[in-house]
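What follows is the residue order along each chain.
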Amino acid sequence: MITKETIQEIFDTARVEEVVGDFVNLKKRGVNYIGLCPFHNEKTPSFTVSPAKGIYKCFGCGKGGNSVNFVMEHEHYSYPEALKFLADKYNIEIEEEEQSPEQLEQLNEQESLYHVSAFAQKYFSELLFENEEGRAIGLSYLKERDFNEETIKTFQLGYCLDTWEDFTAHALKNAYNLEFLEKSGLTIVKEDKKYDRFRGRVMFPIHNLTGKVIGFGGRILSSDKSKAKYVNSPESEIYNKSRSLYGIYFARNEIVKKDSCFLVEGYTDVISLYQAGIRNVVASSGTSLTAEQVKLIKRYTPNITILYDGDEAGLKASFRGIDMILEQGMNVKIVLFPEGEDPDSYVRNHRTAEAEEFIDKQARDFISFKTDLLSKDAVGDPIKKANVVKEIVRTIANIPDGIYRNFYVKECSNILDVPEQTLMNELNKILRENFRKKFRQEESPEVAETTDYSSEEQIAVDPSDTSFQEKEVIRLLLNYGAEEVIFEKKNDKGRMEEVPVKVAEFIVHDLLQDEIEFQNPIYQQIFNEFVAFYEKGEIPEQKNFISYEDEKVAEVAVNLISEPYELSSNWEKHKIYVKTEKDILKNAISSCVLSFKARKVDNLILETQQKIRETRDEEELKELLQSQVNLKKVSIEINRQLSRIITK
Ligand SMILES: [Zn+2]
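Remember, it's a predicted structure, so these values are computed and weren't measured experimentally.

Definitions and limits used
- Residues numbered from 1 in each chain as written.
- Predicted model: local features only at pLDDT ≥ 70, side-chain atom pairs only at ≥ 80, totals over all residues.
- Heavy atoms only, no water.
- Pairing = 2+ DSSP bridges.
- Helix = DSSP H or I, 4+ residues; strand = E, 2+ residues; numbered from the N terminus.
- Axes fitted to C-alpha atoms, helices over the stretch in contact; angles between N-to-C directions.
- Donors = N, O, S within 2.8 Å, 3.2 Å for Na, K, Ca; no water.
- Tetrahedral: all angles 85-135°; square planar, octahedral: opposite > 155°, others 65-115°.
- Buried < 20%, exposed > 50% of the residue type's maximum accessible area, 1.4 Å probe, protein only.
- pLDDT = per-residue confidence, 0-100.
- Contact = heavy atoms within 4.5 Å.
- Right-handed = clockwise from strand over helix to strand, strands pointing away.

With antiparallel pairing, the 4 strands of this open sheet are ordered in space as 6-9-10-11. In the strand order of this sheet, the two ends are held by strand 6 (158–160) and strand 11 (230–232), each with one partner. Across the sheet, the mean angle separating the axes of adjacent strands is 35° when strand polarity is ignored. Taken together, the 3 bridges between strand 10 (residues 213–220) and strand 11 define a ladder with antiparallel strand orientation. Its bridge partner lying in strand 11, R219 is registered against Y230.

Structural data, given as structure tokens:
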């Protein structure tokens, strides 16, 4: 658990424009910054960052929040992960509360799995360097591959002893739970036997974006053919294979810097290239490349280069997978290695500069490359050639951007020696088909979603629903709480006097007086916070809510803070013309509070009517009828006041 003090320090230090600026190209626009939203596709920027408020907000897709929310949303981090990420960025030391064995037990499954994985990694690394078997088998293998000690330590490589349950026994002795040992896949439990999954293997920990170990790959060194060369951890709460990339934690900064990502096959390719100083490199671990993995890379760069070490036949088999990368709007290049070489051996046998030059020179645009390769096979065979044309056009159709598509049509028309128009016609046919397929999917009822977005501004139809009024009250509190408005009051001498009142004071006082409560618990929580400050004679600042402990409160606050403009537009809508900002505000708060109360009273009236229908008690009926009369009087009075504001 990160201490409260540390969390506060992170919130105080992390400037939203800096945090967002690391991922989004921001331009200054007045007091705010503006850029293209990273959460939805757009051509004109509707993504705004307000340094003063400490928040970002997209007016296109509605996403908004503080700097921690941004990191969570953008990097798919959990709350603690996002805090750690920011602490790291700003060199803030994280104070964590010590955990007792009881607390350890309370940690949820994810945390437990992280714990046991980190524990295993440390133990395996220890064995690699300090255990006789570890040194003789594990370490000597890694040295043979020319991995130096620094590299081995960076990637936290290790060794698992070739015994049935050395690791499992060691973990149990250290109070780790068998349940999580099994869930992490480190231990296999069969009937009443338990044993180590990775026995006798060199261990390659797989890290998530924040550098935590989420799983392992284990390579066997004996030549026993009955055993798989590599074994991987099974999927768990923390290890989703299709979303993980081996090496991403070490590569991400470099990928951004180079604006390019190399994709290789194996763990050792990643490590060798890294050691050689080529660090923008990742591998898909334990699966063939997935769309999610491509999206992960796309967060950092749109340029991907596949370093391929197989033969042409193997490459052809993976064409479909590469089409999927194009579908994500990425630019794909491909590098073929000379026979018998792979990225790992190449950097070991060449100097880094040579390897870099080789990659640079060999890198070919994937579509041209594919066209070339396929058309070679089709020389002199018109039917084959027609199929190649179809295949290539289908690949081009995967590219989301029309300009790129047209570019490739030109290029391939040259390579294939087929008129551009022929390719274009075929392309349009496929695009239409794809569109129709997609359209049909969207038509189906289970896919069609109604967003509550457009309906948000409509006043609730259900008469007992006060959510619209509650929201307006909270919106005014959050946005204008500290502003002053002038009310006229009679003084002791019966003369009218102008009294300045803060918006928050007015609203809090007024609602407290009538003991008005909110139906929405989050609004109530925000209101309570205002009450607590009000009682100290203060008004809470916006940043209090934006970095509020309870994330739900923070989210609601951010949304309300970023839409303060309805104030005036609402008034215009009702054809009410007012002179100054302060007049608008004064009218807004008065009418807002009154509308809220009016709704509340209407509710009470409805409730009373219900009770009147149900009661069998003469005495109670009398009371109910009396209170109904009173409520109606109140209702009339409120509505009279309301109409006075509006027609003034
Ligand atoms: Zn957006």
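This is not the end of the story, as more comes after the structure.
With that settled, consider the coordination of the zinc ion. Taken together, C37 (SG), H40 (ND1), C58 (SG) and C61 (SG) make up the full set of protein donors to the zinc ion, lying 2.1 to 2.3 Å away. Note that the zinc ion binds 4 donor atoms; their angles at the metal cover 101 to 118°, and the shape is tetrahedral. We note that the donor set of the zinc ion lies within a single chain, spaced as C-x2-H-x17-C-x2-C. Take C37: its relative accessible area is 6%, and that puts it in the buried class. Note on H40: relative accessible area 24%, which makes it partly exposed.

So, on to the pairing of strand 8 (residues 193–196). In this sheet, strand 8 lies alongside strand 7 (residues 187–190) in antiparallel orientation, the contact comprising 4 bridges. For V189, the partnering residue across the bridge sits in strand 8 and is K194. Remark: 2 residues form the turn of the hairpin made by strand 7 and strand 8, two consecutive strands paired antiparallel; E191 in that turn has positive phi of roughly 50°.

What follows concerns the confidence of the model for the protein. Chain-level statistics for the protein give a pLDDT mean of 84 and a share of 90% at 70 or above. Put simply, helix 27 (residues 566–573) is where the protein has its lowest mean pLDDT, 50, and strand 6 is where it has its highest, 97. When the criterion is pLDDT under 50, residues 443–461 qualifies, and its contacts beyond four places in sequence or with other chains add up to 18 contacts. Every residue in residues 565–569 scores below 50 in pLDDT, and together they form 8 contacts with partners more than four places removed in sequence or on other chains.

By the element assignment, Y408 lies in helix 20 (residues 402–416). Each C-alpha atom of the pair Y408 and I367 lies 7.5 Å from the other, and the pair is 41 residues apart in sequence. Leave out the neighbours within four places in its chain, and Y408 touches D365, I367, I396 and I399.

Once that is clear, we can look at helix 4 (residues 79–89). Of all the residues in helix 4, the buried ones are Y79, E81, A82, L83, F85, L86 and A87. Downstream of helix 4 by one or two residues, N91 has phi in the positive range, about 50°.

Neither face of strand 14 (residues 281–284) is left uncovered, since the one carrying V281 and A283 and the one carrying V282 and S284 both have all their residues buried. Regarding topology, helix 12 (residues 267–275) serves as the crossover connection from strand 13 (residues 261–264) to the parallel strand 14, and that connection is right-handed.

Once that is clear, we can look at the sheet that holds strand 15 (residues 303–308). Taken together, 6 strands build an open sheet; the order of strands is 12-14-13-15-16-17 and the sheet is mixed. Each edge of the open sheet is held by one strand with a lone partner, namely strand 12 (245–246) and strand 17 (364–365). Summarising the sheet, strand 16 (residues 331–336) and strand 17 pair through 2 bridges and their orientation is antiparallel. Pairing of I334 across the sheet is with R364, part of strand 17.

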